[in-house]
Amino acid sequence: MDRLPWGDRLVLFGFLAVVAAVVAAPPLPPAVRVAPLVVSAVVLGLPHGAVDPVIPWRAADRWSLPAAAAGVGAVYLVAGGAYALLWFAAPVPAALTFLALTWLHWGAGDVAALRARRSDYPASRRHRVLTGAVRGGLPMVVPLVSSPETYRRVVESWVALFGADGAVALAALTAFETRLLAGAALAALTTASLAVGYRATGGGPGWRADAAETTCLWLFFLAVPPLLAVGLYFCLWHSLRHVRRVQALPAFGPAAGSGSRSGAAAGRAALRFVRDAAPLTVAALALLAAAWVVVPDSPTTVGGAVALYLVVVAALTLPHTLVVAWLDRVQAVW
């Protein structure tokens with residue numbers, strides 16, 4: 001782990017500490033389990049995607065800020081709007097699409113983070129695809145294997161907002177056979193990915209960091225209650241890494257993404273990120289308030305409110321994924 005940045009080490013050891021605490025402590029109350037998701041509405045979660053309009057401007061010289069904002073706005077309007085309509089028309093397929101999209105997006109985010117640390121790891125396109133499948137699959141598949149009833153209730157709470165009954169489809173998703181196949185497939189992919197990486201690097205620093213993180217995430221999602229695990233991962237793993245990636249863009253500021261920057265420079269970069277993220281974070285919260293009014297079955301409980309929040313996040317995830325995929329192409333991640 002000698003090549004793992006100190007910030008990533010801190011999160012890694014923090015996740016392991018959460019695993020130990022959950023194993024040793026009595027069952028956590030529901031409010032604690034959903035707290036990270038609630039906090040993500042204003043800290044890291046929603047804000048990490050709220051800077052999308054400035055990404056083309058900061059990542060490519062040919063984009064002006066107005067053109068970048070207009071282009072990203074069009075992507076959000078068309079892709080996000082179409083996906084939002086799908087939730088009203090076919091909630092169950094929309095929910096399953098959200099799971100698949102999150103798998104793709106979170107996996108790609110971790111591949112980009114690994115490539116930012118070492119340009120030679122993962123070394124090949126095949127290995128990058130394998131790594132993305134594993135890293136994205138861990139938050140999506142492991143909770144399905146370890147906590148199928150919770151998984152089913154969470155997804156059912158999404159579709160219930162639209163007056164739909166997803167019992168049949170979700171029963172198939174959480175069936176023992178499905179979970180056995182999914183868990184075995186993810187374990188096989190993990191083994192294959194780490195084996196390919198080891199052969200390519202001889203077990204070098206990039207592989208050791210990958211193996212440590214992958215092992216940590218397996219333990220984390222197996223042991224920690226799903227909503228708590230996903231909420232912590234969303235904020236402290238996926239979103240924080242994306243924030244650092246945006247801060248490292250050449251036009252963000254002098255040495256904004258370097259590990260050696262001064263505390264003052266880091267503070268300025270953080271404040272600039274907050275400034276860039278604030279307008280669309282507020283807009284996303286307004287969208288959440290509007291969704292509360294227009295969904296057929298408005299939530300009346302904390303669990304229902306969290307479900308609605310995740311549906312809004314889903315509608316924003318598709319255009320966000322498209323913007324980040326463009327950034328991946330510019331940075332030659334794949």
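Higher on the page you've got the structure.
Conventions adopted
Residues numbered from 1 in each chain as written. Predicted model: local features only at pLDDT ≥ 70, side-chain atom pairs only at ≥ 80, totals over all residues. Heavy atoms only, no water. Helix = DSSP H or I, 4+ residues; strand = E, 2+ residues; numbered from the N terminus. Buried < 20%, exposed > 50% of the residue type's maximum accessible area, 1.4 Å probe, protein only. Contact = heavy atoms within 4.5 Å. Areas by Shrake-Rupley, 256 points an atom, 1.4 Å probe, with all protein chains shown as cover. Lys, Arg positive; Asp, Glu negative; His and termini not counted. Charge placed at Lys NZ, Arg CZ, Asp CG, Glu CD. Expected span 1.5 Å × (residues − 1). Salt bridge = Lys/Arg side-chain N within 4 Å of Asp/Glu carboxyl O. Axes fitted to C-alpha atoms, helices over the stretch in contact; angles between N-to-C directions. Parallel < 35°, antiparallel > 145°, perpendicular 65-115°, else oblique. Nonpolar A, V, L, I, M, F, W, Y, C, P; charged D, E, K, R; others polar. Phe/Tyr/Trp six-rings, centres within 6.5 Å; stacked < 30°, edge-to-face > 60°. Core = buried A, V, L, I, M, F, W, Y, C linked by side-chain atoms within 4.5 Å. Left-handed = near helix turned anticlockwise from the far one by under 90°.

1. Examining the overall build of the protein
The secondary structure content of the protein amounts to 14 helices and zero strands. Along its sequence from the N terminus, the protein presents helices and strands in the succession α-α-α-α-α-α-α-α-α-α-α-α-α-α. Dimensions along the principal axes, computed over C-alpha positions, put the protein at roughly 50 × 45 × 35 Å. For the protein, with 334 residues in total, the buried portion stands at 49%. Long-range pairs, those at least 24 residues apart, make up 77% of the contacts in the protein with a sequence separation of at least 6. Accessible area for the protein stands at about 14900 Å²; split by element, carbon and sulfur atoms hold 72% of it. Distance between charge centroids for the protein: 9 Å, based on 25 positive and 15 negative side chains.

2. Details of helix 8 (residues 148-160)
Along its 13 residues, helix 8 runs 18 Å from first to last C-alpha, staying within 8% of the 18 Å computed at 1.5 Å per residue. Taken as a whole, helix 8 has its buried residues at Pro148, Thr150, Tyr151, Val154, Val155, Trp158 and Val159.

3. Some remarks on the pattern of salt bridges
Under the criterion given, the structure shown has 15 salt bridges. A salt bridge links Glu156 to Arg152, with the nearest nitrogen and oxygen atoms 2.9 Å apart. On the criterion of helical spacing, the pair formed by Glu156 and Arg152 is a turn pair, its members being four residues apart in helix 8. Given a relative accessible area of 22%, Glu156 falls into the partly exposed group. Close ionic contact of Arg241 with Glu213 constitutes a salt bridge, the shortest N to O distance being 2.6 Å. Placement of the pair is Arg241 in helix 12 (residues 226-247) and Glu213 in helix 11 (residues 205-223), with a sequence separation of 28 residues.

4. Structural notes on the packing of helix 5 (residues 65-89) against helix 6 (residues 91-117)
Interhelical geometry of helix 5 versus helix 6 gives an angle of 135° and a closest axis separation of 6 Å. The angle between the axes of helix 5 and helix 6 places the two elements in the oblique class. Of helix 6, the residues touching helix 5 (which contributes Tyr83, Leu86, Trp87, Phe88 and Ala89) are Pro91, Ala94, Ala95, Thr97 and Phe98. A per-class count over the contact of helix 5 with helix 6 returns nine nonpolar, one polar and no charged.

5. As for the packing of aromatic side chains
The description of an aromatic ring pair uses the distance of the two centres, along with the angle that the planes make with each other. Counted by the stated rule, this structure contains 14 aromatic pairs. Members of the aromatic cluster, each reached through a chain of ring pairs, are Phe15, Trp106, Phe220, Phe221, Tyr233, Phe234 and Trp237.

6. Notes on the nonpolar core
Judged by nonpolar contacts, the single largest core of 59 residues is most densely connected at Phe15, Trp87, Trp158, Phe220, Phe221 and Tyr309. Among the elements that make up this core, the one with the highest residue count is helix 14 (residues 302-330) (nine residues). What Phe221 contacts, discounting residues up to four positions off in sequence, is Leu138, Pro139, Val142, Pro143, Ser146, Ala229, Val230 and Tyr233.

7. Examining the side chain of Arg241
Overall, the relative accessible area of 9% leaves Arg241 in the buried class. Those residues in contact with Arg241 that sit more than four places away from it in its chain are Asp8, Asp110, Ala113, Arg117, Arg135 and Glu213.

8. Here we look at unusual backbone geometry
Note that the residue after Tyr121, namely Pro122, is joined by a cis bond; omega there is -10°. Tracing the backbone shows Pro122 in the loop between helix 6 and helix 7 (125-146). Unlike most non-glycine residues, Leu44 shows phi in positive territory, near 70°. Its place among the elements puts Leu44 in the loop between helix 2 (30-39) and helix 3 (45-50). Non-glycine residue Ala332 carries a positive phi angle of around 55°. Its location among the elements puts Ala332 in the segment after helix 14.

9. So, the packing of helix 1 (residues 6-24) against helix 11
Closest axis-to-axis distance for the helix 1/helix 11 pair is 9 Å, and the angle between their directions is 30°. In terms of their interaxial angle, helix 1 and helix 11 are classed as roughly parallel. Here helix 1 and helix 11 pass one another in a crossing that is left-handed. Taking contact as the criterion, the partners of Asp8, Leu12, Phe15, Leu16, Val18, Val19, Val22 and Val23 in helix 1 are, on helix 11, Ala212, Glu213, Cys216, Leu217, Leu219, Phe220 and Ala223. Of the residues belonging to the contact of helix 1 with helix 11, the class tally is 13 nonpolar, no polar and two charged.

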